[in-house]
Amino acid sequence: GDQMTRTSARVFTSLVVFALCAELLGLFAYYVDTGALFYTHRKSYRELLPTPEDRLFLGEAVHPYFGFTHRPGVPFDIPEPLRRGTAIPARLHTNNFGFVSPHEYPFQKKSDNQFIVGIFGGSVALWFCQIGAHRLVEQMKRDAFFSDKEIVPLCFSHEGYKQPQEAVVLAYFLSIGQPLDLVVNIDGFNDVALGSLNNERGLDFTMPSVQHLDPLINPVNQSTLTPDKLETLAGIFRDRRTLLDLTDRIRVNRIASVNFVLDRYYTMVLNRYVEGLGRFSNLPSNPPDNAFIQVAPSLEGRVPAELHAHIAATWRDASVLMNDMLAERNASYFHFLQPNQYYTKRTFSDEEAAIALNDASPFKKGVEAGYAAMVAAGSTLAQRNVQFFDATRVFDKEPAHVYMDDCCHYTQAGNYILADFIAASILKAPGPWRN
């Protein structure tokens, strides 16, 4: 009996020592990762990139003119860090045309004092509509011309939009009587990143993004979901459920050693999840002849090595078209090439790099290969009477985190810096405010 008691005591002591050592190791690892004490600090985890089918559940639909759009009345949630210090509500909704706006379209002026600013582009512009637009308005109203005007920002931006979609959207709304005094176009990333993915899949880069169309077409034409795509999609959904479950467990856990294991497992699953998204986006569907909705294959005569020059030329010419349509109506047009983390001279902190940079991103290759062509094409827009501004360097000297994911989207600080740059560019340019 005494021997068993002593053995039990030794085992218990060993377990306690092991647990204490593991806890100390967990505390040390957490401090190395975050610079904070585990018991008084909670590490934040970035919002997961959407799965290929998430957009369908969020209420998107094929649009006869725009390629794809949100359904009316779909909720659009704004994370707290992007709303901090503002009156922006936590949840917004799409309007009658599926754009995230408090106004139904076409919006008609209620008085001559209203000045309507249309914001065009992809998801970066969509987030700018919600986070950066109020800052843009504040900066513009510092000018004497705008000080007593009611500036009304209208959002015509949508995830995945690229040229010539933006020109089509503008032409449509102008044709149905939407008045616009000024248009801000924030784009470029989708053109090279999504245009490159289109090309890899055998679709012309001028067609709407295959990443956004496929999830909408697949439920109609199930034959496009090949066995490889089904298997990859199942893995993506499993990993997403695991990540969400791990986030909940990590949030309530109060033991540093357990956090060490869960956090490392989370990182492993997250890498697998991102790789799965990239793999899914590049897996071919069945022959396009089977598709219920037809999009043009890659046009003949386009040498792959010249793809990005073609993309940049289309982007440039569509911008000229937008400018011409607005000039006919005495409206001002300002075009901004958006900054992106895969084409930058910015120095990233280790913490921001962990959020913003990912070699497995499906967009990285297209941006690295194509952005220089966009900068070169943009530099010729002044010759075509377009007020164009290269914004790729606006984050270079900013110490705060400006990227909130490993795709392209900005934090509140990033949106504000871009808003300040846009406002300054507008106010220095020719326009009624300079007369």
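This text follows the structure it describes.
Note that this is a predicted model, so its numbers are computed, not measured. Residue positions are given per chain, counted from 1 along the sequence in the order it is written. Only residues with pLDDT of 70 or above have their local features reported here, since the model is predicted, and side-chain atom pairs are shown and tallied only from 80 upward, although totals for entire chains, interfaces and linings are computed over all residues. For side-chain calculations, the full set of non-hydrogen atoms in the structure is used, while hydrogens and water are omitted.

Asker: Looking at this structure, how should I read the overall build of the protein chain?
Answerer: By definition, any uninterrupted DSSP run of H or I lasting at least four residues is a helix, any uninterrupted run of E lasting at least two residues is a strand, and each is numbered from the N terminus. A count of helices and strands for the protein chain gives 14 helices and nine strands. Any residue under 20% of the maximum accessible area for its type is buried, any over 50% is exposed, and the rest in between are partly exposed; the area is computed with a 1.4 Å probe on protein chains only. Counting every position in the protein chain, which comprises 435 residues, the buried fraction comes to 52%. In this analysis, two residues are considered to be in contact whenever any of their non-hydrogen atoms come within 4.5 Å of each other. Look at the contacts in the protein chain between residues 6 or more apart in sequence, and 77% of them connect residues 24 or more apart. Each accessible area is a Shrake-Rupley estimate made with a 1.4 Å probe; only the visible protein chains count as cover when residues are assessed. Element-wise, carbon and sulfur atoms account for 58% of the exposed surface of the protein chain, whose accessible area totals about 20500 Å².

Asker: Honestly, the state of the cysteines in this entry has me stumped. Any pointers?
Answerer: Joining two cysteines, a disulfide is a covalent bond between their sulfur atoms. By convention in this document, the label disulfide applies to cysteine sulfur atom pairs within 2.5 Å. Here the structure, examined in full by the defined rule, presents two disulfides. Shown here is the disulfide that connects Cys407 with Cys408, its sulfur atoms set 2.4 Å apart. The disulfide joining Cys407 to Cys408 has a torsion of about 60° about its S-S bond and is therefore right-handed. Its relative accessible area of 7% is what places Cys407 among the buried residues. Relative accessible area serves as the criterion here: at 1%, Cys408 is assigned to the buried category. In the protein chain, the bonded cysteines, numbered by position in the sequence, are linked as 1-2, 3-4.

Asker: Please explain the pairing of strand 1 (residues 60–63) as it appears in this structure.
Answerer: Residues in a regular strand point their side chains to alternate faces of the sheet. Paired strands, in this sense, are two strands between which DSSP finds at least two bridges. Relative to strand 2 (residues 67–70), strand 1 runs antiparallel, the two being bridged by four bridges. The residue bridging Ala61 from the neighbouring strand is Thr69, located in strand 2. From the end of strand 1 to the start of strand 2, which pair antiparallel, there are three residues.

Asker: Looking at this model, I keep getting lost on helix 5 (residues 133–140). Mind explaining?
Answerer: Since one α-helical turn is 3.6 residues long, residues separated by three or four positions face the same way. Burial in helix 5 covers these residues: Ala133, Leu136, Val137, Gln139 and Met140. For helix 5, the angular spread of buried residues about the axis comes to 165°, placing them on one side. The secondary structure elements touched by the buried residues of helix 5 are strand 5 (114–121), helix 4 (123–131), strand 6 (150–155) and helix 14 (412–428). Directions from the helix axis toward the C-beta atoms define the arc.

Asker: Before we go on, may I ask you to explain the sheet that holds strand 5 in this structure?
Answerer: Neighbouring strands of a sheet are bound in pairs by backbone hydrogen bonds; such pairs are parallel or else antiparallel. Strand order in this open sheet of five strands is 6-5-7-8-9, and the pairing throughout is parallel. Each edge of the sheet is formed by a strand with only one pairing partner; in this case those strands are strand 6 and strand 9 (387–390). Averaged over all pairs of adjacent strands, the angle between strand axes in this sheet comes to 20°, irrespective of strand direction. Relative to strand 9, strand 8 (residues 332–337) runs parallel, the two being bridged by four bridges. Bridging across to strand 9, Leu337 finds its partner in Asp390. Every axis corresponds to a line fitted to the C-alpha atoms, with the helix fit spanning only the stretch in contact, and the corresponding angles, defined between N-to-C directions, vary from 0 to 180 degrees.

Asker: Looking at this model, I keep getting lost on the packing of helix 9 (residues 227–252) against helix 10 (residues 256–282). Mind explaining?
Answerer: Running from N to C, helix 9 and helix 10 point in directions that differ by 155°, and their axes come no closer than 9 Å. Judged on the interaxial angle alone, helix 10 and helix 9 are roughly antiparallel. Considering how the two elements wind past one another, helix 9 and helix 10 form a crossing that is left-handed. Here the residues of the contact of helix 9 with helix 10 are counted per class, giving 13 nonpolar, five polar and seven charged. Roughly parallel refers to an angle under 35 degrees, roughly antiparallel to one over 145, roughly perpendicular to one between 65 and 115, and oblique to any angle outside these ranges. Take the far helix as your reference; a near helix turned counterclockwise from it by less than a right angle gives a left-handed crossing, and one turned clockwise gives a right-handed crossing. Gly falls in the polar group here, along with every residue not listed as nonpolar (Ala, Val, Leu, Ile, Met, Phe, Trp, Tyr, Cys, Pro) or charged (Asp, Glu, Lys, Arg).

Asker: Sorry, what's going on with the pattern of salt bridges here?
Answerer: If charged atoms from side chains of opposite charge come close, those side chains can pair. For this document, the term salt bridge refers to a Lys or Arg side-chain nitrogen within 4 Å of an Asp or Glu carboxyl oxygen. By the definition in use, this model includes 15 salt bridges. One salt bridge connects Arg84 with Glu80, and the closest N-O pair in it is separated by 2.8 Å. One salt bridge in this structure joins Arg384 and Asp317, with 3.7 Å as the shortest N-O distance. With Arg384 in the loop between helix 13 (364–378) and strand 9 and Asp317 in helix 11 (residues 307–327), this pair connects stretches of sequence that are 67 residues apart. Linked by salt bridges that have partners in common, Arg316, Asp317 and Arg384 make up one network.

Asker: Is there a simple way to explain the side chain of Lys162 in this structure?
Answerer: Structurally, Lys162 can be placed in the loop between strand 6 and helix 6 (165–175). By the criterion applied in these results, polar contacts are pairs of N or O atoms within 3.5 Å in which, for protein atoms, one can donate a hydrogen and the other can accept it, and in which residues neighboring in sequence qualify only through two side-chain atoms. Within the local environment of Lys162, its side chain forms a polar contact with the backbone oxygen of Met207, the two atoms lying 2.6 Å apart. For Lys162, the residues in contact, after removing those within four places along its chain, are Asn190, Asp191, Leu194, Gly195, Asn198, Phe205, Thr206, Met207, Pro208 and Ser209.

Asker: Sorry if this is basic, but what is going on with the side chain of Asn190 here?
Answerer: Looking at the secondary structure, you find Asn190 in helix 7 (residues 189–200). Owing to a relative accessible area of 8%, Asn190 belongs among the buried residues under this scheme. There is a polar contact of 2.9 Å between the side chain of Asn190 and the backbone oxygen of Tyr161. Excluding residues that lie within four positions of it along the chain, Asn190 makes contacts with Gly122, Ser123, Gly160, Tyr161, Lys162 and Gly195.

Asker: Can you walk me through the packing of aromatic side chains in this structure?
Answerer: What describes a pair of aromatic rings is the distance from one ring centre to the other and the angle between the planes of the rings. Working definition: rings of Phe, Tyr and Trp (its six-membered ring) pair if their centres are within 6.5 Å, and the pair is stacked with planes under 30 degrees apart, edge-to-face with planes over 60 apart, and tilted otherwise. Within the structure shown, the criterion is met by 32 aromatic pairs. Aromatic pair Phe66 and Phe173: ring centres 6.0 Å apart, planes at 35°, arrangement tilted. Here Phe66 is found in the loop between strand 1 and strand 2, whereas its partner Phe173 is found in helix 6, with 107 residues between them in sequence. For Phe173, a relative accessible area of 1% translates into the label buried. Feature note: the residues Tyr65, Phe66, Phe97, Phe99, Tyr105, Phe120, Phe156, Tyr172 and Phe173 constitute an aromatic cluster, connected by ring pairs. When the ring centre of Phe145 is taken as reference, the NZ or CZ atom of Lys149 above it lies at 4.9 Å. When the ring centre of Phe348 is taken as reference, the NZ or CZ atom of Arg346 above it lies at 5.3 Å. Look at NZ for Lys and CZ for Arg. If either is within 6 Å of the ring centre and within 35 degrees of the ring normal, a charge sits over the ring.

Asker: Any chance you could explain the environment of Leu92 here in plain terms?
Answerer: By the secondary structure assignment, Leu92 is in strand 4 (residues 91–93). C-alpha of Leu92 to C-alpha of Val269: the two residues are 177 residues apart in sequence and 31 Å apart in space. Aside from chain neighbours lying at most four places away, what touches Leu92 is Val74, Pro75, Phe76, Ile78, Val100 and Gln130.

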